[in-house]
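Here is what each chain is made of, one letter per residue.
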Protein chains: 4
Amino acid sequence: MLDAKLTSKSHSHHQTIIKLTADITVGGEDLLIIGGPCAVESLEQMEAVASQLATAPIQALRGGVYKPRTSPYAFQGLGLAGLEILKAVRRRYGLPVVTEVMSIDQIEAIAESVDLLQVGSRNMQNFDLLKALGEVNKPVLLKRGLAATIEEFVCAAEYILSHGNSQVILCERGIRSFDPYTRNVLDLGAVVALKQITHLPVIVDPSHAAGKRELVPDLAKAAIACGADGLIIECHPEPEKSVSDARQALSLEEMVELVQSLRPIAAAVGRRVLNKSKVNASTLRQSFRALQAQRPVKSQKGKT
Amino acid sequence: MLDAKLTSKSHSHHQTIIKLTADITVGGEDLLIIGGPCAVESLEQMEAVASQLATAPIQALRGGVYKPRTSPYAFQGLGLAGLEILKAVRRRYGLPVVTEVMSIDQIEAIAESVDLLQVGSRNMQNFDLLKALGEVNKPVLLKRGLAATIEEFVCAAEYILSHGNSQVILCERGIRSFDPYTRNVLDLGAVVALKQITHLPVIVDPSHAAGKRELVPDLAKAAIACGADGLIIECHPEPEKSVSDARQALSLEEMVELVQSLRPIAAAVGRRVLNKSKVNASTLRQSFRALQAQRPVKSQKGKT
Amino acid sequence: MLDAKLTSKSHSHHQTIIKLTADITVGGEDLLIIGGPCAVESLEQMEAVASQLATAPIQALRGGVYKPRTSPYAFQGLGLAGLEILKAVRRRYGLPVVTEVMSIDQIEAIAESVDLLQVGSRNMQNFDLLKALGEVNKPVLLKRGLAATIEEFVCAAEYILSHGNSQVILCERGIRSFDPYTRNVLDLGAVVALKQITHLPVIVDPSHAAGKRELVPDLAKAAIACGADGLIIECHPEPEKSVSDARQALSLEEMVELVQSLRPIAAAVGRRVLNKSKVNASTLRQSFRALQAQRPVKSQKGKT
Amino acid sequence: MLDAKLTSKSHSHHQTIIKLTADITVGGEDLLIIGGPCAVESLEQMEAVASQLATAPIQALRGGVYKPRTSPYAFQGLGLAGLEILKAVRRRYGLPVVTEVMSIDQIEAIAESVDLLQVGSRNMQNFDLLKALGEVNKPVLLKRGLAATIEEFVCAAEYILSHGNSQVILCERGIRSFDPYTRNVLDLGAVVALKQITHLPVIVDPSHAAGKRELVPDLAKAAIACGADGLIIECHPEPEKSVSDARQALSLEEMVELVQSLRPIAAAVGRRVLNKSKVNASTLRQSFRALQAQRPVKSQKGKT
């Protein structure tokens, strides 16, 4: 049916498993849980997130440095300075990192710095960007457009695969609808369908879908129960102070609790949340305290 | 916020538990799983469903006798003859029965015959029907309108409660959206929200949401994982011969398998699928064979 | 294509013209412009509307006496007392009157009192109501459901026609969508399509579509330009004091101005706004003043 | 309200008028009617369109050379070869030309060749592209995203204005909805709103909105009646042979007829369709015949 032969199940009887690092994969038995703030705001912020979540454990860290914002006057991200923060945290905590790429000229710097390049919903059909990402040797996290059909979503992935890069992870993040109660409507029927018609890993972003933090944990459970290969969840050391999307970010404590609560659901559907991260928790806390001792804590929000 | 004081959480700190029979409840630890065909077609059909599913087990049987159909020329249901079939099966198998009521003048006959009166999506804001159901002493299953906001849905329930009947079960069944791949979009964010803002039981209809049987089981799991109190699922002895919605009905074997697969998910979120129905399985099979021996099997589809 | 043979163009090569009175028709060259408040609030209110608009001229008067409201605690309409007001105004001003019927048991009283029975959006698929209206010998104004497809809308009309009443006027009133700026999205593509695939008159309600009075006049012009047979527009002597939908009602002066502005558009597409009503304007003003002199002006809002 | 100070009405009390050429403007009394095929397929095709429509008259010619297509295997446009065709036709017929720019690296070549750079719906929130177009000294035609709110649309324009280019034309082209009968839903309420809250010209694309050619003329009339400053309409010498969107293209004869039918509507709302193009019709036909004599007519569809 779909004009997307490389992405279709018929192209590969095997479920595609994508490696972010030697130990962290997505698409197999292990779930990929990605956590972190909407935007990278400061090194302190990212250290706090990484040190507390590495032992949750989450398997990867998110944080935007180029931010697509509705208004040109809203915070647009720290840019290259933010990328340096991501690199520092990635090195120190051994956590793979994902960040959004908004244009072709950002690809090279981002591909050198992170483990997973995110294409945001607004760019799902930015075809020149997709073609360029088809020539990159790094996994791509492709978010569904906010009113994209399943067919359009699969065809967008096909743009990347047909240009040479088969490491694509699909991400359902809610579609636009009429009810103002939730920000978007999480479409888990699409997740089930995508698992049936493609061989690619499919993860879910319940944070953007719900838009309200109190809805996130139960939607995360639903996503795992219906077969999603992972989650990407917004969390922040001080959610109410987040520069963007404050209403939907979990606190770090809530994030830890959420990951724990997913274990029995995962087990019920034959999946697994990794038991512990490779990085030792007490080592992490020491390194964080050492870091705090060295430098005065200051907010860099929007100033770099 | 909501102009729905009786339905709101603030009105009752206790979760409402509704009894369908002495043993079958919804809203507590036990999940309510309702199965059966879209439309009652014949006694044989309903006997086949009840005898095979009573031990799945399901906790209640569905089957429409008054069918809201887009076209006036489509099968409109068996009417009172269908109601007699439901009564016979209910008596024989000890299973509570749910059927749809489309107008005020049907209420009396239906309320005398079944355990749970369903208001369909198209009638969610048929306010005179809601008011009349507020004066009935039977539980009501209120399905969300296909483009109803959460607020409108809660206010529709309030019409029933404010007229005296507090036994209302809410049912999310998918909302209308732009993607033709699925019939509707199952909105589990609404389920999580309804559990948070009301004290009423909330169940999920994954069959109408998905519109394709292969999507139903995984969506059913997701619904239970996010906190739904039950499910209503279409199944049919011969799905491809169903007079309506054939594409979304599970076979009875698939239905049994689905119920079994829900057990570990239910356990993971502190819920339970009843271990066995009160009716003994071998007794059921005997009574079904006896019944088949007595009467020639014939289709009554659309002929009564 | 459609399972709606009586409603389809193929059933009748002639455009159906429906008579509201001996002089007022819809579906032919003359446009049908219906004006009036969302709800009938008092005799004074309706007298003010009728006396000022009869010479606009509008061709019919609207005013709800049974109001479908999201909340059970909102004003539900004056009921039979409201119907008496409509009858009085209709007699005095010789204007045909339209009001909404919400349930079967209201049909008889309403059909005796008014010229056109409205089925509201929430009841477009209240099939038992449609069937009952199929047996009435009065024209029916069928509003499109807020998320009804064109096919479902046409099939809803077919329910009425197939039960014997072929006097059905279709009304596009906006469909539900994602943008909070407008209340609904006016779907003029549906109007053009309905004129092509059915032989029924099609009118447009820009008030409910827009939800903001400043958008109404330009949308009214668009509706006439694309071929609509008429308009139904909310207006009120004191819009800001309207008991419901205050934000979308025009003042009576704005309504008069709107009707005048439609004349050149109507002419441009070969249609006509009647030049003057049958009732003499100065007579109307006299009768209104006489009425005011007789009785003290008092608000009956919600008190009858 | 909007975080879009430069685009807001409050920034400029004057309606912005944008010049495409010395004689062709948009935003003032004269309507801008743009016609042409979805994709540039060959010089012959574009010559046929320009020669027949210059005297319709249309005021500008459209034709895509970089085509955003759902599937990577669909025709992606003639690229630079197509741009040469546009330049040749523009020179010969004196008609301003509009074509879509999909990525930053295409801007320079396109800006040198055409009069108006189109940003397609899928790129409405490709913010890096918008910023780059803010630095170009050519008018930009910004199409509304298929599920963009009015606020998001206005803010997308603000990206261009705030980066230095105030020559932005907004284009409503239908939003995605649930009804398969039309491809999209033309949202004229948005057109009325945009005219009220911004000072920019607003045009309408009824072709993509309707998706069916028989709906286009009446929607075009509606657009002009509600205050749109112009139209962009797909037409093709042989619609059924169009490489893309064949179902929605008018024939050239239908396009000529449509432009004529708009005159009385335009007059009714105080607007004007230019009486004749600057290019003399008989000259045009001669030059076209000369061109046909020189070169064999051949299809270059998808082969360049």
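Residues numbered from 1 in each chain as written. Chains lettered and ligands numbered in written order. Predicted model: local features only at pLDDT ≥ 70, side-chain atom pairs only at ≥ 80, totals over all residues. Heavy atoms only, no water.

**Here's the deal with the overall build of chain A**
Filter applied, for reference: Secondary structure follows DSSP: runs of H or I at least 4 residues long count as helices, runs of E at least 2 residues long count as strands, and numbering of each begins at the N terminus. Throughout this description, buried means an accessible area under 20% of the type-specific maximum (1.4 Å probe, protein chains only), exposed means over 50%, and partly exposed covers the range between. Residues count as neighbours in contact if any of their non-hydrogen atoms are within 4.5 Å of one another. Residue-level accessible areas treat just the shown protein chains as cover; the underlying method is Shrake-Rupley with a 1.4 Å probe.
When its secondary structure is counted, chain A shows 10 helices and 11 strands. When burial is assessed residue by residue, chain A has 67% of its 304 residues classed as buried. Contacts in chain A between residues at least 24 apart in sequence constitute 71% of all its contacts with a sequence separation of at least 6. Carbon and sulfur atoms make up 50% of the accessible area of chain A, which amounts to about 10,200 Å² in all.

**A closer look at the interface of chain B and chain A**
By a frequent convention, interface size equals the accessible area lost on bringing the separate parts together. Test applied: Here the quantity called buried area is the total loss of accessible area, with a 1.4 Å probe, experienced by two parts when brought into contact, counted for both. Take a side-chain nitrogen of Lys or Arg and a carboxyl oxygen of Asp or Glu: if they are within 4 Å of each other, that pair is a salt bridge. In the analysis that follows, any N or O atom pair within 3.5 Å is treated as a polar contact, provided that within protein one partner can donate a hydrogen and the other can accept it, and provided that, for residues neighboring in sequence, both atoms belong to side chains. Here the nonpolar group is Ala, Val, Leu, Ile, Met, Phe, Trp, Tyr, Cys and Pro; Asp, Glu, Lys and Arg are the charged ones; every other residue, Gly included, is treated as polar.
Tallying the contact residues gives 35 residues for chain B and 35 residues for chain A. For the pairing of chain B and chain A, the buried interface totals around 2,700 Å² over both sides, and the portion due to carbon and sulfur atoms is 72%. Here chain B is connected to chain A by two salt bridges. The shortest N-O distance in the salt bridge between Asp179 of chain A and Arg144 of chain B comes to 3.5 Å. Remark: the boundary between chain B and chain A carries four residue pairs in polar contact (both at pLDDT 80 or more). Residue assignment for the side of chain B that touches chain A shows that the elements contributing at least two residues are helix H6 (188-197), helix H8 (216-225) and helix H9 (252-268) of chain B. Of all the elements, H6 of chain B adds the most residues to the side of chain B that touches chain A, at six residues. A breakdown of the residues in the side of chain B that touches chain A according to their chemical character gives 24 nonpolar, four polar and seven charged.

**Comments concerning the pattern of salt bridges**
Under the counting rule described, the total for this entry stands at 60 salt bridges over all chains. One salt bridge in this structure joins Lys195 of chain B and Asp229 of chain B, with 2.7 Å as the shortest N-O distance. Of this pair, Lys195 of chain B sits in helix H6 while Asp229 of chain B sits in the loop between H8 and strand S10 (230-236), and the two are 34 residues apart along the sequence. Judged on exposure class, the residue Lys195 of chain B and its partner Asp229 of chain B are both buried. Arg272 of chain D is paired through a salt bridge with Asp30 of chain D; the nearest N and O atoms lie 2.7 Å apart. A residue pair is termed long-range when its members are at least 10 positions apart, and Arg272 of chain D in the loop between helix H9 (252-268) and helix H10 (281-294) and Asp30 of chain D in the loop between strand S2 (25-26) and strand S3 (32-36) qualify at 242 residues. Looking at Arg272 of chain D, the relative accessible area reads 41%, which means it is partly exposed. Given a relative accessible area of 13%, Asp30 of chain D falls into the buried group. Several salt bridges share partner residues, and in doing so they unite Arg144, Glu172 and Asp187 of chain A together with Asp179 of chain B into one network.

**Considerations on the side chain of Lys212 of chain A**
All names here are of chain A. Heads up, the rule is: We count Lys and Arg on the positive side and Asp and Glu on the negative side, and we leave His and both chain ends out.
Mapped onto the elements of the fold, Lys212 is located in the loop between helix H7 (206-210) and helix H8 (216-225). Buried Lys212, no salt bridge; nearest opposite-charge side chain is Glu214, N-O distance 5.3 Å. At 2.9 Å, the side chain of Lys212 and the backbone oxygen of Tyr181 are in polar contact.

**Details of the relation of the copies chain B and chain A**
To be explicit about the condition: We place the copies in one frame by least squares, fitting the C-alpha atoms of every residue whose pLDDT is at least 70 in both.
Mapping chain B onto chain A calls for a screw motion: a turn of 180° about the axis and a shift of 0.0 Å along it, with 0.0 Å RMSD after fitting. Both copies are brought into coincidence by an operation consistent with a two-fold rotation axis. Taking the C-alpha atom as reference, chain B places Ala222 of chain B closest to the rotation axis, 2.0 Å from it. A symmetric contact is evident, with 100% of the interface residues of chain B recurring at the interface of chain A.

**Re unusual backbone geometry**
In this structure, Pro57 of chain B follows Ala56 of chain B across a cis peptide bond, with omega equal to -5°. Secondary-structure assignment places Pro57 of chain B in the loop between helix H1 (43-53) and strand S4 (60-62).

**Section: the environment of Ile224 of chain A**
Residues and elements named next belong to chain A. With respect to the element layout, Ile224 can be found in helix H8. Residue Ile224 is classed as buried on the basis of its relative accessible area, which comes to 0%. Linking Ile224 and Ala266, residues 42 residues apart in sequence, is a C-alpha distance of 6.4 Å. Leave out the neighbours within four places in its chain, and Ile224 touches Leu31, Leu231, Leu262, Ile265, Ala266 and Val269.

**Points about H8 of chain B**
Here H8 of chain B lies mainly inside the structure; eight of its 10 residues are buried. Among all positions of H8 of chain B, only Val216, Leu219, Ala220, Lys221, Ala222, Ala223, Ile224 and Ala225 of chain B are buried.

**Comments concerning the packing of aromatic side chains**
All names here are of chain A. Going by this rule: By convention, a stacked pair of Phe, Tyr or Trp rings (six-membered ring in the case of Trp) has centres within 6.5 Å and planes under 30 degrees apart, an edge-to-face pair has planes over 60 apart, and any other such pair is tilted.
Counted according to the given criterion, the structure contains four aromatic pairs over all chains. Judged by centre distance (4.3 Å) and plane angle (25°), the rings of Phe127 and Tyr159 are stacked. Of this pair, Phe127 sits in helix H4 (residues 127-133) while Tyr159 sits in helix H5 (residues 150-162); the two residues are 32 residues apart in sequence, bridging distant segments of the chain. Across the pair, Tyr159 and Phe127 agree in class, each one buried.

**Describing the packing of helix H5 (residues 150-162) of chain D against helix H6 (residues 188-197) of chain D**
Residue and element names in this part refer to chain D. Spelled out, the test is: Axis lines are fitted to C-alpha atoms, over the contacting stretch for helices. Their N-to-C directions set the angle, which ranges from 0 to 180 degrees. Note on terminology: angles under 35 degrees are roughly parallel, angles over 145 are roughly antiparallel, angles of 65 to 115 are roughly perpendicular, and the others are oblique. Less than a right angle of anticlockwise turn of the near helix away from the far helix marks a crossing as left-handed, whereas a clockwise turn marks it as right-handed.
Contact geometry for H5 and H6: axes closest at 11 Å, N-to-C directions at 50°. The angle between the axes of H5 and H6 places the two elements in the oblique class. Of the two possible hands of crossing, H5 and H6 adopt the one that is right-handed. Judged by residue contacts, Ile150, Phe153 and Val154 of H5 engage Ala190, Ala193, Leu194 and Ile197 from H6.

**Some details on the environment of Ala111 of chain B**
Residue and element names in this part refer to chain B. By the element assignment, Ala111 lies in helix H3 (residues 107-113). For Ala111, a relative accessible area of 15% puts it in the buried group. For the pair formed by Ala111 and Arg173, sequence separation is 62 residues and the distance between their alpha carbons is 23 Å. Contacts of Ala111, omitting those with residues within four sequence positions, involve Leu117, Val136 and Lys138.

**Some words on the pairing of S3 of chain D**
All names here are of chain D. The following threshold applies: Pairs of strands are assigned from DSSP output, requiring at least two bridges between the strands. By definition, the crossover connecting two strands over a helix is right-handed if that path, from the first strand to the second, turns clockwise as seen with the strands pointing away from the viewer.
Counted residue by residue, S3 has five buried out of five residues, so it is predominantly covered. Across five bridges, the pairing between S3 and strand S10 (residues 230-236) is parallel. Following the sheet pairing, Ile33 is matched in S10 by Leu231. Examined bridge by bridge, S3 and strand S4 (residues 60-62) share two bridges and lie parallel to one another. By the bridge assignment, Ile34 is partnered in S4 with Ala60. Taken together, S3, helix H1 (residues 43-53) and S4 form a β-α-β motif whose crossover is right-handed.

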